[in-house]
2 protein chains.
Amino acid sequence: MKISAKGEYGIIALIDVANYYGGEPIQAKSIANRYNIPERFLEQIMTTLKKAGLVKSIRGSHGGYQLAKTPWEITLGDALKALDGDISPMYCVSENNKEQCSKERLCTIKDVWEEIRGCIQKTLSSITLKDMCNKKMEREMKAAHMYFI
Amino acid sequence: MKISAKGEYGIIALIDVANYYGGEPIQAKSIANRYNIPERFLEQIMTTLKKAGLVKSIRGSHGGYQLAKTPWEITLGDALKALDGDISPMYCVSENNKEQCSKERLCTIKDVWEEIRGCIQKTLSSITLKDMCNKKMEREMKAAHMYFI
DNA sequence: ATAATTCCTACCATTCCGATAGGGATTATA
DNA sequence: TATAATCCCTATCGGAATGGTAGGAATTAT
């Protein structure tokens, strides 16, 4: 029941890219350095995010990544779905699961998995990158203030 | 973000043992056969459940397992905590995590993990073995009725 | 004594995770 | 046009976790 490093790194990167929304593209290398993420690993993660349509890339010198949508159109649910595949505690309640479990008719546990999947999904899809950016700024302001005192 | 086979098998076994609450002890072998779970694997799982204080065992011939508490005192949260270790999407919000993350002061994502952990926990700890037994019986009654028609 | 059980420990095969690595394609700019 | 800075594609790899399997000891009812 753990979210992978890939998932966490990807979310960190997405929030960072969202922070620069409307400006110059931001490089994977830069993100990797600032958040202490293995550079080549992050490259792959960015590719995943690109394939999922969450970021767009600009190749060549001065290239980098930008959001493919606005920060308030991308939720953490979108991100984790792209990165970790699917948010569900059990395969039988996975979205892209076609084959029905043979014991399904008498299975009483499936409902529980369904409920858990629902509450995770609800939480994650209610939080946008914009929300995370706002929160971050707020947090940094507060930290700066503490520093002054 | 998946619950392990160990977790699922353990919950199935617990519900089964709860079904026999107040009666004779039920053997791991019997559970394994009826639910198609590898026998020796289930043995280990039952040991885990015993160590967690959820079942008690009776050794020797005619031995087996019984609930260590009443079915309405044991929740699915208790079960999964014992089986899968800890229900949290990230180590930094795990219950038995002592060392604070170095980036914690500026980390805005931790709150999200915390929220998810909370909603999973809430769901799982609200469902008792008794609930699951009732549900199962209901389901079986319905199935039997369908069969008659 | 025997059979049925739990219990303890070790081992093992496969898969997944978290990278690392080499090199190609593209692009700004000097 | 050469160069440096990027993204991009593919392959590989070590370690840990997962999902078992296995041998045999201890306990107990019959």
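The structure reproduced in this document is the subject of the present report. It should be emphasised that the depicted structure is a prediction, and the values quoted were computed from it without experimental measurement. (Residues numbered from 1 in each chain as written. Chains lettered and ligands numbered in written order. Predicted model: local features only at pLDDT ≥ 70, side-chain atom pairs only at ≥ 80, totals over all residues. Heavy atoms only, no water.)

**Description of unusual backbone geometry**
Here A:His62, not a glycine, exhibits a phi torsion of approximately 60 degrees, which is positive. Locating A:His62 in the fold gives a position in the loop between strand S1 (55-58) and strand S2 (64-67). (Helix = DSSP H or I, 4+ residues; strand = E, 2+ residues; numbered from the N terminus.)

**Observations concerning the pattern of salt bridges**
This model, assessed by the stated rule, comprises 14 salt bridges over all chains. The salt bridge partner of B:Asp111 is A:Lys135, with a shortest N-O separation of 3.5 Å. Highlighted residues: B:Asp111 in helix H5 (residues 110-125) and A:Lys135 in helix H6 (residues 129-148), drawn from two different chains. A relative accessible area of 33% places B:Asp111 in the partly exposed class. The class of A:Lys135 is partly exposed, set by a relative accessible area of 27%. For the salt bridge of B:Arg40 with B:Glu43, the shortest nitrogen-to-oxygen distance reads 3.7 Å. (Salt bridge = Lys/Arg side-chain N within 4 Å of Asp/Glu carboxyl O. Buried < 20%, exposed > 50% of the residue type's maximum accessible area, 1.4 Å probe, protein only.)

**Describing H5(B)**
Note that an α-helix has 3.6 residues per turn; residues three or four places apart therefore point the same way. Taking 1.5 Å as the rise per residue, H5(B) with 16 residues should run 22 Å; its terminal C-alpha atoms sit 22 Å apart, in good agreement. Three or more residues of H5(B) are buried, namely B:Lys110, B:Val112, B:Trp113, B:Ile116, B:Arg117, B:Cys119, B:Ile120, B:Thr123 and B:Leu124. (Expected span 1.5 Å × (residues − 1).)

**Comments concerning the protein's contact with DNA strand C**
Close contacts around DNA strand C come from 23 residues, with A:Tyr9, A:Arg40, A:Gln44, B:Lys50 and B:Ser57 the closest. The sugar-phosphate share of atoms of DNA strand C within 4 Å of the protein amounts to 62%. Contact distances for DNA strand C include 2.5 Å between a base oxygen and a side-chain N or O atom of A:Gln44. With respect to DNA strand C, the side chain of B:Ser57 contributes an N or O atom lying 2.4 Å from a phosphate oxygen. Those elements giving two or more residues to the surface near DNA strand C turn out to be helix H1 (5-19) and helix H3 (39-51) of chain A together with helix H3 (39-51), strand S1 (55-58) and strand S2 (64-67) of chain B. Of the residues belonging to the surface near DNA strand C, the class tally is seven nonpolar, nine polar and seven charged. (Near = heavy atom within 4 Å. Polar contact = N/O pair within 3.5 Å; in protein donor to acceptor, adjacent residues only side chain to side chain. Nonpolar A, V, L, I, M, F, W, Y, C, P; charged D, E, K, R; others polar.)

**Considerations on the pairing of S1(B)**
Residue and element names in this part refer to chain B. Inspection of the sheet shows S1 paired to S2 by four bridges, in the antiparallel sense. Within S2, the position partnered with Ser57 by the bridge is Tyr65. Adjacent in sequence and paired antiparallel, S1 and S2 are bridged by five residues, among which Gly60 carries a positive phi angle near 80 degrees. (Pairing = 2+ DSSP bridges.)

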